[in-house]
Amino acid sequence: MSILKVKDLSISFGGLKAVDKLSFEVKENSIYGLIGPNGAGKTTVFNCISRFYTPDEGKINFHPRDNKEYNLLDLKVYEVISKGLVRTFQNVELVKHLSILDNLLIGMHTTTKGGIISQGLKLLNVRKEEKRIRKKAMEVIEFLGLKGLENQLAGSQPYGIQKLVELGRTLVSEPKLIILDEPAAGMNSNETETLSKLIKRIRDEFNITILLVEHDMGLVMNICEEICVINFGKKIAQGTPSEIQNNPAVQEAYLGKGEVSC
Amino acid sequence: MNILKNKPIQYILLGLIIAITPFIFNFQRGTLTMFNTVIIYSIVAIGFNILLGYAGQISLGHAAFMGLGAYISGYLTNMGIPFILSILIAGVIPMIIGLILGLVALRLEGHYLAIATLGFGVTIQQIFKEWTSFTNGYSGMRGQPASIFGFSFRSRESFFVLAIVILVLLSIFAYNLLKSKTGRALIAMRDSEHAAQAMGISLLKYKLIAFSISAFYAGIAGSLYIHLIRFIEPNQWGVELSLNLLAMVVIGGLASIEGSIIGAFFLTVIPDILKEIPMLGEIRNLSTILTGVSLILVIMFLPLGIARINIQIKEKLNNKNTKKTALNQ
């Protein structure tokens, strides 16, 4: 059963075709990697799925549960999260002037109840709701090993922690599919190791499907069950990590003609 | 003592203390009028701070909303409609018109939004001048003293109590709102529109909310103004007042309710004190000069505003110390 089906996706900017008739399917509860050299169009694909861009052609269908299917192109960018699809950003987009806890609370924006008047008057239902979301955010903070930091400003944290907070912000929204845009960018090998364990735990403990774009080959080969390689907006290969490693077209796109190092 | 850490309770206690001071000390009528206007400008400034400080949206036309509130409330009470109803309508109609500016803000950002709102303010002011059947044009509109259930707030002391009650209520409302879902969404929108959208925050909805709430606060303050001074004319609601509001919020402290009140106090009371100093008092437009100079000084040396002066000084001292130790090593 596929949770996400991308079919014949195309988008161009000016004369440049950034993504060209790209199709792939992500199986439920899998960790799926989208890789490719710089400028291959990976982030553009992500931006189409999360509706920041509207593709020129193609279909993107999302099945969070059996018998539920959404055509993502019908949704506005801020409606996507409530259907169970949430993303992170390549260059960490946190609310810098709020605490780590508040950043996680923002992840629950769509599920937090209460109108403006009742919030301003701090009525009983708003108090209860604040308690509920705080409790849940603290659970996720504990899961990420950030306990004790919850009241620190998000913007003053080191990069590695900011990345974790962003991941936590996606988790609190109870998604079915998380798309991660270069989760290991700017991390050292130790941090990447911890991150790959964390991503696996998220899939196993929360039953969340993961789709990620990544440059770090170690991470991709280590955790992804299926990989799609794109170059110049076109799919050049698809398969398991070992199939991809031995695929000559991939080796050429990535390394030029030479030996494989990963 | 934990209860004293609760902000709304602090607001109520402080409001109580300030409200009774005119009954203890004998202020001149002029001084009390000035204190009353400080409270009124505090209300506008809080609304404006929600827009500028929390939501990160600029407006250079907010004087128009205050003027509109004043004219509506003045007109309605002159027709015999009770004050309580008038002040509510004087808040709600600017709020609805504020939605229009919110729609504009969805298309324009930064400088362009500033110019568009400036144009909006000038247009409304022109309407105040021309629509004489409603505003009485340049001859000005007279207002009635505020009265609730037969009690007339004719004296400056009693009006001060009324104004403070409204300020405290609106401060608590703003505080609660900003500490819950709406406040977090506004701040998220200000810090990162991408993150906000990805987390399900509709920019349209929250820009409309920010503009309409701030217009509501401005309208309420305008209503209080006409029932205090009992006379208004179109020239009051121009660009100068809009810029003053901006200065209040920046000088007092962006994204701070207390800062809004401090800014309103600073820009209303200090020029008045300076006027009393013999040599300085003779300079014309002293208050405008003061506003400009303090705006520059605050942006250069206290970018977080007067309300957060202690944090900023601490930070400066820490930096100096670290620099010194770095040099010694």
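Residues numbered from 1 in each chain as written. Chains lettered and ligands numbered in written order. Predicted model: local features only at pLDDT ≥ 70, side-chain atom pairs only at ≥ 80, totals over all residues. Heavy atoms only, no water.

Student: Just to check I follow, could you spell out the sheet that holds strand 2 (residues 16–27) of chain A for this structure?
Tutor: Sheet strands pair by backbone hydrogen bonding; their relative direction is either parallel or antiparallel. Residues and elements named next belong to chain A. Pairing within the open sheet is antiparallel, and its four strands lie in the order 2-1-4-5. The open sheet terminates on both sides in strands that have one partner only, identified here as strand 2 and strand 5 (70–71). Against the sheet, helix 1 (residues 42–49) touches strand 1 (2–13), strand 2 and strand 4 (57–62), its axis set at about 115 degrees to strand 1. (Pairing = 2+ DSSP bridges. Helix = DSSP H or I, 4+ residues; strand = E, 2+ residues; numbered from the N terminus. Contact = heavy atoms within 4.5 Å. Axes fitted to C-alpha atoms, helices over the stretch in contact; angles between N-to-C directions.)

Student: I tried to follow the nonpolar core on my own but got confused; where do I start?
Tutor: Taken as a class, soluble globular proteins show a tendency for nonpolar side chains to be buried jointly. With 147 residues, the main nonpolar core has Ile202 and Leu212 of chain A together with Met66, Phe159, Tyr217, Leu224 and Trp237 of chain B as its most contacted residues. The element best represented in this core is helix 10 (residues 203–229) of chain B, accounting for 16 residues. Counting the residues that make up this core, at least three belong to each of domain 1 (1–84 + 175–262) and domain 2 (101–173) of chain A. Setting aside chain neighbours within four positions, we find Met66 of chain B in contact with Ile40, Tyr41, Val44, Ala218, Ala221, Gly222, Tyr225, Trp237 and Leu241 of chain B. Within the second largest apolar cluster, 30 residues are counted, among which are Val6, Tyr32, Tyr70 and Leu75 of chain A. (Core = buried A, V, L, I, M, F, W, Y, C linked by side-chain atoms within 4.5 Å. Buried < 20%, exposed > 50% of the residue type's maximum accessible area, 1.4 Å probe, protein only. Domains from an automatic or database assignment.)

Student: What is the right way to look at the interface of chain A and chain B in this model?
Tutor: The extent of an interface is frequently quoted as the accessible surface area lost upon association of the parts. Listed by partner, the interface residues are 30 residues for chain A and 25 residues for chain B. In total, about 2500 Å² of surface goes out of reach between chain A and chain B, with carbon and sulfur atoms giving 65% of it. Here chain A is connected to chain B by one salt bridge. Scanning the region where chain A abuts chain B turns up nine residue pairs in polar contact (both at pLDDT 80 or more). When contributions to the side of chain A that touches chain B are tallied by element, the ones reaching two or more residues are strand 6 (85–87), helix 2 (100–107), helix 3 (116–121) and helix 4 (124–143) of chain A. The leading source of residues in the side of chain A that touches chain B is helix 3 of chain A, at five residues. (Buried area = accessible area lost by both parts, 1.4 Å probe. Salt bridge = Lys/Arg side-chain N within 4 Å of Asp/Glu carboxyl O. Polar contact = N/O pair within 3.5 Å; in protein donor to acceptor, adjacent residues only side chain to side chain.)

Student: Help me understand the state of the cysteines, please; the structure alone is not making it clear to me.
Tutor: Think of a disulfide as a covalent bridge from one cysteine sulfur atom to another cysteine sulfur atom. Residues and elements named next belong to chain A. Applying the stated criterion across every chain, the model contains zero disulfides over all chains. Here Cys48 is not cross-linked by a disulfide; its sulfur's nearest cysteine counterpart is in Cys228, at 14 Å. Residue class for Cys48 comes out buried when judged on its relative accessible area of 0%. Cys228 provides the cysteine sulfur closest to Cys224, a residue in no disulfide bond, and the two sulfurs are 11 Å apart. (Disulfide = S-S within 2.5 Å.)

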